[in-house]
Structures are given as structure tokens and as C-alpha cells.
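For reference, the chains in residue letters:
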Amino acid sequence: MFARFKTRVEKNHFGFPRFLNFLDRFHWLFLTLAAPFLIFPSPNRSLAMLVVPVLWISYLFSGRQNKSNQSSTFNLKHATNNVSGFPFTPLNISFLVLAIMLLISLWATYSIEQSLEKISGLVLGLGVFYAIARESRYLEGWWLSLTAFLGGGLGWALLGFLGMNYQVRFSFLAPMISRIPKIIKVLPGEDSGLQHNAVGGALVWIMPVMICLSWYTAAGKHKKWGHPVTNWLIRIALWVGSVFVALVLLFTQSRGSYLALGVTLLIVLFIILHKRWRWILLGIVVISAISLTIYIYQSGGWESIIYQLGLSGETGFSLDTLGARLELWSRAISGIQDFPFTGMGMNTFREVIHVLYPLFTISLDFDIAHSHNEFLQVALDLGIPGLIAFISIYVIAFWMLVKVWKNPFGKETAPRTSEERTALIFFQDTVLKKALVLGLGGGLFGHMIFGMTDAITLGAKPGIFYWMLLGLITGLYQLREKEVKERKRDKNV
């Protein structure tokens, strides 16, 4: 049937195959054009969601996928023959389950209009992932994707810096925050400015990558990349960008982001230290944790310590919000028990909670955007099958990073042509490989810690960095697998 349909398409006088090839070749352009309609959706713009599946389907009829797979030419740096189609990645099954549960949630939701924003955001996220994963199958595309990720992160930090809804939780930051110009006062969907926890949580995805790459440039390994001026520009851009993102993260006063980044950097430090120093660091952390616990217990609790230190006026040290979170989590668990297989529909918990699961410590007028736990929120939105798929995404992503970390790159060889220089540097530089794995893995792990006490829900606007990060991890894994296959083929020849 498919062969007959393909024959008919090839005989089409209107050049239908060429149109499909055009869609397939410039998939990233059409996704970019559709992005504003998916980020700020409305019922009239909902058809824009069809762009993503159309771009996926178009490659089936482009007639180039099999040719590219059978090609004897292998190029690590450039995409050859305009390779088409989204890649078959280890995450595909997990994403398929998410997509199926997304369709099921349409039946469960009480209002499609209420869910539309998160639905379109999730569709866009899946499209971004496959666009990044597809382009990053080749080294040049991977670096361009990483540049887009870091550039987007700097843009988000700048947007947060100028348009955040600042709340002073630590008094020592008040003088600095008061001097920040509020240039962006109104944002679409955010009338009072960007929520500080959302800004901080998104920066947790980006900050470890920038720190690890800045550390790599400090080691001087990047000097062999090209002209000295270019090397210094890269180094300055990374360090200045890291400092700026760190300052914005500090100004968010998001305690969940602080905790997530601190734990992540501690684990990264543990990994890169020599074995003997690892045990010393572990001993210091364990002894400090035990000592702090004993001190808190003997002092009559955390609030008593804060009062004794004269910090009771600092809301950043208060645990008042913990009680509200515990109540939200209990209501979320009740919601999951009532809608275990379908979920209650994306973005509906904020309304349903006041009807079915009334709160005692939170006012009815307060907008409960989510359950303040990403895993509980996914189960509420997409049911337990969606939660399983979400957890499997983390497991598989970390597995891919471990594979890249454990399997050393190829032995150092001289470049055969000038075009292979960048590719060979990439695969021969163990320090660069470790910096990238630690940065990407640190961003993913850090946000997972953040997601234990707060949430950037699936389909939320800043969640685009999550999908880009997964695409970069998948691309790095694909590059490694291609390099291994190429070397095995060379040995057999």
C-alpha cells in the first residue's frame, strides 16, 4: 500500500515530493515560525500544533532516509545528503507514552481551553527535542544547538533580571534589588512579572553547563580550537555569562534553586576529585550533616535557632511555606488516587483542588499553579503511566551520559583534512568530554532536585530548556555511538 501511494505521489504534477522535501529540509525553520503560536496559544491558533506531527511525517515520504542510512560516507562534522527524519533515540518510547497520555488527558480534562496552554507547550517541547536531537547527530549541529541553548539561557536570565516579580526574602539583597530597573513590567500571561521560582528553576538547567565549560576554558584546553582571539572571546563570554546567570539566580532568592545547585555542584566536585579526596569530602559532608542535625535538635528546632541568631525577620530562613507544601502534596496524592490512569487533565489541578480537595492553610483567592512537585504534577496531568514515562526519561538520559562517560573517545590521530580538525579535537579531548557530561548531567540532576519541592510543569514556557537539554544529551550519545561504529568498521576493513 505504501509503495503504491509513493508511486502516485512521485507522479504528482504539482511537485508534492519536492514540497515534502522542502518541509523536511527546513524543519527547524517551520518549527520556529510555529513556536509563538504554541507558546501563546488560543483556540483559533490551535491548528499550529499540527506543524510538529506534519514535520515528523514528512520525512516518511521524502525518499532520502534509506539512502542516507546506506551511504558509505560517514562524516562526524557535517550532515551529508540532507539526512531527513527525526532520529530513533532511546527516549522515543517514553515520549510515545507521554504523547498517548496527552491524548487521553483531553478526554479527562474538564476544559480543553484550561489545558490548551500546557498541551501546546508539551507539543512544542517534543518538537524542539527532535529538532535538536536531529541536528546534533553531527558535530557542527551539536555545537550550534549548544550555542542556542546557552544563548537562550542568557536571554532568559536577562528577561528575568529585567522583568522578575522580585520578593525580598534576604535583607542584604534589598539594596541591590531596589536598584534594578523594572524595564519589562508586563509580560504575556505574567501580568505581575516572571515568577522568581520559575526563573531560578530554569536557570538550574543552564548554570551547571556554563560552570563546567568555564572550568574547561580555565584549564586552557580550548586554546587548540583556533585563533587566539577567538579563544579569548569564547573564554570571556563563558565567564561573564556564568557570573551574570549566577547573579540573577541569587536575586531570585529561590531556596529550592539554591539547594538544587548546591547539591549538584557538591556531587560534581565529588566526581572530579581524586579517590582519596572523595572520601575526605564525603566524610566532611556526613559529619557536618550529623552535627547540624544534633545542633538543631538540642536548640529546640530550626525556628528557635533562627530566633537566637536574630534572623527571625528574614523570611528566607523561615519554614512557613513547608506546611503549605505538605498540604498541597497530600491533596495531590488524593488527586492521583482519584484519577490514576487518565490524570485530571493538564493545568486543571489549580482549579480542581479548590472544588474537590479544599485547603485549610491557603486562601481560595491564591492561584495554585501546580502541586510544587514535578513528579506529582505529571501524575496529576497525565496519570501514573505519564509519571512512569517521565521518570524513565531521567533514567535513560542519565544512562546515555554514563555510556559517554565510561566509553573513552578514540586514540589521538592526526587530522586527514582541515575539515576534520574540529571533529578529531572533540573526540580526542577527554577533558572536554567530561566537562560536557558533567554540565549536561548536572543541569538535569539539579533540576530534578529542584522539582522535589517546586515545579516547572510539562508544557510551561521555561520548560523549553528541558527539551533542549535532553536533545543535547541524546545528540552527544549519538555522536559517541557513531564514532564507535565508525572505528569498528575501519578495523574490520
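Per chain, the residues get numbers from 1 upward, laid out in the order the sequence is written. Restriction of local features to residues with pLDDT of at least 70 applies here, the model being predicted, together with a cutoff of 80 or more for giving and counting side-chain atom pairs; totals for whole chains, interfaces and linings are based on all residues. For side-chain calculations, the full set of non-hydrogen atoms in the structure is used, while hydrogens and water are omitted.

(A) Structural detail: the overall build of the protein. Looking only at helices and strands, one finds 20 helices and zero strands in the protein. We call a residue buried when its accessible area falls under 20% of the maximum for its residue type, exposed when it is over 50%, and partly exposed in between, using a 1.4 Å probe and counting protein chains only. Looking at the protein as a whole, 46% of its 493 residues qualify as buried. We get accessible surface area from the Shrake-Rupley algorithm with a probe of 1.4 Å; when it comes to residues, only the shown protein chains can shield them. Carbon and sulfur atoms provide 67% of the accessible area of the protein, an area that totals close to 25400 Å². A run of DSSP states H or I qualifies as a helix once it reaches four residues; a run of E qualifies as a strand once it reaches two. Both are numbered from the N-terminal end.

(B) Local environment of the packing of aromatic side chains. Stacked, edge-to-face and tilted labels apply to pairs of Phe, Tyr and Trp rings (six-membered ring for Trp) whose centres lie within 6.5 Å, assigned for plane angles under 30 degrees, over 60, and everything in between, in that order. Following the criterion strictly, the structure yields 21 aromatic pairs and no others. Ring centres of F95 and W467 lie 5.6 Å apart, and the angle between their planes is 55°; this geometry places the pair in the tilted category. Separated by 372 residues along the polypeptide, F95 in helix 6 (residues 92–108) and W467 in helix 20 (residues 464–492) bring together distant segments of the chain. Given the relative accessible area of 3%, F95 is considered buried. Judged by relative accessible area, W467 falls into the buried class, the value being 2%. A centroid spacing of 5.9 Å and a plane angle of 40° characterise the contact between F375 and Y394, whose relative ring orientation is tilted. The same class applies to F375 as to Y394, namely buried.

(C) Quick look at the pattern of salt bridges. Throughout this description, the term salt bridge denotes a Lys or Arg side-chain nitrogen within 4 Å of a carboxyl oxygen of Asp or Glu. Counted under the stated rule, the structure contains four salt bridges. Between K461 and E117 there is a salt bridge whose closest N-O contact spans 2.7 Å. With K461 in the loop between helix 19 (430–450) and helix 20 and E117 in helix 7 (residues 112–135), this residue pair connects regions lying 344 residues apart in the sequence. In this structure E117 comes out as partly exposed when scored by relative accessible area, which is 29%.

(D) Expanded view of helix 4 (residues 51–58). Every buried residue of helix 4 is listed here: V52, L55 and S58. The arc that holds every buried residue of helix 4, seen down its axis, measures 130°, which confines them to one face. The arc refers to the directions leading from the helix axis to the C-beta atoms.

(E) Examining the nonpolar core more closely. What we call a nonpolar core is a set of buried Ala, Val, Leu, Ile, Met, Phe, Trp, Tyr and Cys residues that are connected through their side-chain atoms within 4.5 Å. Counting 110 residues, the largest nonpolar core has F95, F149, L458, Y466 and W467 as its most contacted members. It is helix 17 (residues 374–406) that provides the largest number of residues to this core, a total of 16 residues.

(F) Structural context of the packing of helix 8 (residues 139–163) against helix 19. Packing of helix 8 against helix 19 brings their axes to within 14 Å, and their N-to-C directions diverge by 45°. Taken as axis vectors, helix 8 and helix 19 run oblique relative to one another. For helix 8 against helix 19, the interelement crossing comes out left-handed. Together, W142, W143 and L146 of helix 8 and L432, L436 and L440 of helix 19 make up the contact between the two elements. Classifying every residue of the contact of helix 8 with helix 19 gives six nonpolar, no polar and no charged. Note on geometry: axes are C-alpha line fits, over the in-contact stretch for helices, and angles between N-to-C directions span 0 to 180 degrees. Here the angle decides the label: under 35 degrees means roughly parallel, over 145 means roughly antiparallel, 65 to 115 means roughly perpendicular, and every other value means oblique. The hand of a helix crossing depends on one turn: near helix anticlockwise from the far one by less than a right angle means left-handed, and clockwise means right-handed. In what follows, a contact means two residues having at least one pair of non-hydrogen atoms within 4.5 Å. Three residue categories are used. Nonpolar comprises Ala, Val, Leu, Ile, Met, Phe, Trp, Tyr, Cys and Pro, charged comprises Asp, Glu, Lys and Arg, and polar comprises the others, including Gly.

(G) Geometry of the side chain of S242. Locating S242 in the fold gives a position in helix 11 (residues 228–252). A relative accessible area of 7% means that S242 is categorised as buried. Apart from the residues within four sequence positions on either side, S242 is in contact with M207, M210, I211 and S214.

(H) Representation of unusual backbone geometry in the model. Look at Q253: it is not a glycine, yet its phi comes out positive at around 55°. Following the sequence through the fold, Q253 ends up in the loop between helix 11 and helix 12 (255–272). Relative accessible area serves as the criterion here: at 0%, Q253 is assigned to the buried category. Even without a glycine there, the phi angle at H372 is positive, about 60°. Assignment of secondary structure puts H372 in the loop between helix 16 (349–356) and helix 17. Residue classification places H372 among the buried residues on the basis of a relative accessible area of 17%.

(I) Summary view of the confidence of the model for the protein. On a range of 0 to 100, pLDDT expresses the predictor's confidence in each residue. Chain-level pLDDT for the protein is 82 on average; 81% of the residues reach the 70-or-more range. Here helix 5 (residues 65–70) is the element of the protein with the lowest mean pLDDT, 45, and helix 17 is the one with the highest, 95.

(J) Representation of a nonpolar patch on the surface in the model. Patch building starts from residues that exceed 30% relative accessible area and form no salt bridge, then joins like charges within 9 Å and nonpolar side chains (Val, Leu, Ile, Met, Phe, Trp, Tyr) within 5 Å. A surface patch of nonpolar side chains, about 980 Å² in accessible area, is lined by L266, I267, L269, F270, I271, I272, W279, L282, V285, V286, I290 and I294. Only helix 12 and helix 13 (275–298) provide two or more residues apiece to the nonpolar patch. Relative to the helices and strands, V285 resides in helix 13.

(K) Expanded view of helix 12. What a helix is expected to span follows from its residue count: subtract one and scale by 1.5 Å. Along its 18 residues, helix 12 runs 26 Å from first to last C-alpha, staying within 8% of the 26 Å computed at 1.5 Å per residue. Within helix 12, the full set of buried residues consists of G256, S257, A260, L261, T264 and V268. For helix 12, the angular spread of the buried residues around the axis is 120°, confining them to a single face.

(L) Seen up close, the environment of Y216. By secondary structure assignment, the location of Y216 is in helix 10 (residues 196–218). Linking Y216 and K434, residues 218 residues apart in sequence, is a C-alpha distance of 9.2 Å.

(M) Representation of the environment of I368 within the structure. Relative to the elements of secondary structure, I368 occurs in the loop between helix 16 and helix 17. Among residues more than four places away in sequence, those in contact with I368 are L328, F349, R350, I353, H354, L359 and I362.

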